[in-house]
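Remarks on the overall topology
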Amino acid sequence: MFYDQPELVKEIKGIEKAKNMLRTTIKKYGDRIKQEGLEEGIQKGIEKGKIDTAKAMLTRNMPLKEIAEVNGLPVYTIQKLKDKQ
């Protein structure tokens with residue numbers, strides 16, 4: 001077929017090499033993006049858990065400073081939650 005055309009064979013090999021490099025790069029960055037998304041999701045879940053806990057503590061009329069000490073949220077964040085209730 002085209003095996004008797006060395007320039008065409010060379011060009012095809014170059015295209016295959018570039019394709020493999022692109023595939024490797026996409027996988028590398030895809031894995032990185034996936035990991036970053038997972039970490040971000042975990043952080044958001046932790047933050048939501050803290051907020052839910054603070055809301056529950058507010059319904060029990062616990063002091064803002066005590067809520068902050070227990071779950072690590074800043075007092076001003078807990079005050080905002082209280083104001084919304």
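Higher on the page you've got the structure.
**Some details on the packing of helix α1 (residues 6-59) against helix α2 (residues 64-71)**
The contact between α1 and α2 brings their axes to 10 Å, and the two run at 150°. Relative to α2, α1 is oriented roughly antiparallel. The element α1 and its partner α2 pack so that their crossing is right-handed. Seen from α1, the contacting residues are Lys50, Ala54, Met57 and Leu58; seen from α2, they are Leu64, Ile67, Val70 and Asn71.

**Things to note about the pattern of salt bridges**
Taken as a whole, this structure holds four salt bridges when the rule is applied. A salt bridge links Glu40 to Lys44; the shortest N-O distance between them is 3.3 Å. In this pair, Glu40 and Lys44 both sit in helix α1, four residues apart, roughly one turn of the helix. Judged by its relative accessible area of 47%, Glu40 is partly exposed. Taking the shortest distance from any N to any O, the salt bridge between Lys48 and Asp52 comes out at 2.9 Å. Taken as a pair, Lys48 and Asp52 lie in helix α1 at a separation of four residues, close to a single helical turn. Judged by its relative accessible area of 51%, Lys48 is exposed. Using a relative accessible area of 37% as the deciding quantity, one classes Asp52 as partly exposed.

**So, unusual backbone geometry**
Non-glycine residue Asn61 carries a positive phi angle of around 60°. With relative accessibility at 69%, the residue Asn61 sits in the exposed group.

**Brief notes about the nonpolar core**
Ala54, Met57, Leu58, Leu64, Ile67, Ala68, Leu73, Ile78 and Leu81 together form the largest nonpolar core, which totals nine residues. For this core, the secondary-structure elements that each account for two or more residues are α1, α2 and α3 (75-84).

**Points about a nonpolar patch on the surface**
Taken together, the side chains of Leu38, Ile42 and Ile46 define a hydrophobic patch exposed on the protein surface, amounting to about 270 Å² of accessible area. Along the polypeptide, Ile46 turns up in helix α1. Relative accessible area serves as the criterion here: at 42%, Ile46 is assigned to the partly exposed category.

**With respect to the environment of Glu69**
Relative to the helices and strands, Glu69 is located in helix α2. Put simply, Glu69 and Lys34 are 35 residues apart on the chain and 33 Å apart in space, counted from C-alpha to C-alpha.

What counts, and where the lines are drawn
Residues numbered from 1 in each chain as written. Predicted model: local features only at pLDDT ≥ 70, side-chain atom pairs only at ≥ 80, totals over all residues. Heavy atoms only, no water. Axes fitted to C-alpha atoms, helices over the stretch in contact; angles between N-to-C directions. Helix = DSSP H or I, 4+ residues; strand = E, 2+ residues; numbered from the N terminus. Parallel < 35°, antiparallel > 145°, perpendicular 65-115°, else oblique. Left-handed = near helix turned anticlockwise from the far one by under 90°. Contact = heavy atoms within 4.5 Å. Salt bridge = Lys/Arg side-chain N within 4 Å of Asp/Glu carboxyl O. Buried < 20%, exposed > 50% of the residue type's maximum accessible area, 1.4 Å probe, protein only. Core = buried A, V, L, I, M, F, W, Y, C linked by side-chain atoms within 4.5 Å. Patch = residues over 30% accessible without salt bridge, like charges linked within 9 Å, V, L, I, M, F, W, Y side chains within 5 Å. Areas by Shrake-Rupley, 256 points an atom, 1.4 Å probe, with all protein chains shown as cover.

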